[in-house]
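Structure at a glance
Listed below, chain by chain, are the residues.
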Amino acid sequence: MAPEAADGVLDAAAMAALAELTDLVPPPALADFTTERARRVLADTELLITGWGCPPIDERVLATAPRLRAIVHTAGSVRGHVGAACWRRGIEVSSAARANALPVAEYTLAMILLANKGVLESARAYRAARAREHWQYAGPEQGNYQRTVGILSASLTGRRVIELLRPHDLHVLLYDPYVSAKQATALGARAVDLPELFAASDVVSVHTPLLPETRGLVSRELLAALRPDATLINTARGAVVDQQALTEALLAGRVRAVLDVTEPDQLPPDHPLWTCENALLTPHIAGSQGTELRRLAAVAVDEVRRWARGEGFAHAVPPERAAYLA
């Protein structure tokens, strides 16, 4: 993994725990599999602990790692570094995707409640007026009681968001072509088609992975179907949304958006969304940050412990599901 990922996720306690379970190669972490040190280390490696910034583990890398049998990933998707060569060899793979989904869901819940409450607009108007007695923003549709939230995809994060919404007096809709109406009900949502999700929701939250078939899924037509002043939240991948169409809708003042991801990931400095009052941009912080990184380390340590005991991974990634993990 990248050195900064190793420093952030694997603190001293995690490293000590791993050293008790394995013959742990001392730091620094491998960030390049082509170096002489990497080839020397990989020659004896049975287990790789990976993280953000891990290079692809392809045929050439595997040729230098004849004993490699397992990979424990301390982040979410393994698509970037675990490829077909690993699956062909039968390497066991574990991911902390479920753990990383928790803070994303918490961020989403907070943004849903704030959006329905009109907090950002209220704060901006209050700051401009400098007086409460002139406050007239609150309208009859503002608030969280009986509002409608649409969840796009019952992914790990999407399911957790639905779970977190249960204590609130909200109507929850779900679009996911792989979830039946009965299954959606069991989750705590009502299954709808994609156009209805956008037309009926006060807030739409995007949780679908970026796949060839989901690129641009949130189209100009769907964005046009949003209710006036509805909010789109995207914590998944920027390219799932038609960025140009969304930008136009935001600049027109028709809808609002909370964007933790964009397309491209780093908007150019002169992009109009930087100064758009209807858009809240955050720098991809919904996932694990700060203390939340300790959860990823704890999951990794537990998975290594299970593997060392021959118990199998608790969070194994089946080969057929690897392509769908965001």
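Details of the structure are given in the entry above.
Cut-offs applied
- Residues numbered from 1 in each chain as written.
- Predicted model: local features only at pLDDT ≥ 70, side-chain atom pairs only at ≥ 80, totals over all residues.
- Heavy atoms only, no water.
- Pairing = 2+ DSSP bridges.
- Helix = DSSP H or I, 4+ residues; strand = E, 2+ residues; numbered from the N terminus.
- Right-handed = clockwise from strand over helix to strand, strands pointing away.
- Buried < 20%, exposed > 50% of the residue type's maximum accessible area, 1.4 Å probe, protein only.
- Salt bridge = Lys/Arg side-chain N within 4 Å of Asp/Glu carboxyl O.
- Polar contact = N/O pair within 3.5 Å; in protein donor to acceptor, adjacent residues only side chain to side chain.
- Contact = heavy atoms within 4.5 Å.
- Core = buried A, V, L, I, M, F, W, Y, C linked by side-chain atoms within 4.5 Å.

Here the focus is the pairing of strand β3 (residues 92-95). Both strand β2 (residues 70-73) and β3 contribute to a ladder of 4 bridges, which runs parallel. Paired with Ala70 across the two strands is Glu92, which belongs to β3. In this view, the connection linking β2 to its parallel neighbour β3 by way of helix α5 (residues 84-89) has right-handed handedness.

Before going further, it helps to examine unusual backbone geometry. Excluding glycine, a negative phi dihedral is what most residues carry, and trans is how most peptide bonds are arranged. For the peptide bond that leads from Pro27 to Pro28, omega is 5°, which places it in the cis range. Examined against the element boundaries, Pro28 turns out to sit in the loop between α2 (12-21) and α3 (36-42). In the segment running from Glu263 into Pro264, the intervening peptide bond is cis, with an omega of 0°. Of note, Pro264 is situated in the loop between β9 (256-259) and β10 (279-281). Residues other than glycine seldom take positive phi values, yet His284 does so here, at roughly 55°. With respect to the helices and strands, His284 occurs in the loop between β10 and α13 (293-308). Judged by its relative accessible area of 42%, His284 falls in the partly exposed class.

Here the focus is the pattern of salt bridges. Taken as a whole and assessed by the stated rule, the structure comprises 13 salt bridges. Between Arg39 and Glu36 there is a salt bridge; the shortest N-O distance is 3.5 Å. Of this pair, Arg39 and Glu36 both sit in helix α3, 3 residues apart, which is roughly one turn of the helix. Two residues, Arg305 and Asp302, come together in a salt bridge whose shortest N-O distance is 3.6 Å. Of this pair, Arg305 and Asp302 are both found in helix α13, 3 residues apart, which corresponds to roughly one turn of the helix. Overall, Arg305 belongs to the partly exposed group, its relative accessible area being 28%. On the basis of relative accessible area, Asp302 is assigned to the partly exposed category, the value being 34%.

What follows covers the side chain of Thr50. Within the element layout of this structure, Thr50 appears in strand β1 (residues 47-50). At 3.1 Å, the side chain of Thr50 forms a polar contact with the side chain of His81. Here Thr50 is in contact with Met1, Ile57, Ile71, Val72, His73, Thr74 and His81, once residues within four sequence places are set aside.

For the rest of this paragraph, the subject is the sheet that holds strand β7 (residues 203-206). With parallel pairing, the 7 strands of this open sheet are ordered in space as β6-β5-β4-β7-β8-β9-β10. Edge positions in the sheet fall to β6 (190-191) and β10, since each has one partner strand and no second. Relative to β9, strand β8 (residues 231-234) runs parallel, the two sharing 4 bridges. Residue Thr231 lies in a different strand from β9, and its bridge partner there is Arg256.

With that out of the way, let us pick up the nonpolar core. One finds Leu197, Phe198, Val218, Leu232, Leu246 and Leu250 to be the most contacted residues of the largest nonpolar core, which totals 31 residues. Looking at this core, the elements with two or more residues in it are α10 (194-200), β7, α11 (220-225), α12 (243-251) and β9. What Val218 contacts, discounting residues up to four positions off in sequence, is Leu152, Phe198, Val206, Leu223, Val240, Val241 and Asp242. Membership of the second largest hydrophobic core comes to 25 residues, among which are Tyr107, Leu170, Val172 and Val179.

Everything listed is a geometric property; what it means functionally is a separate question.
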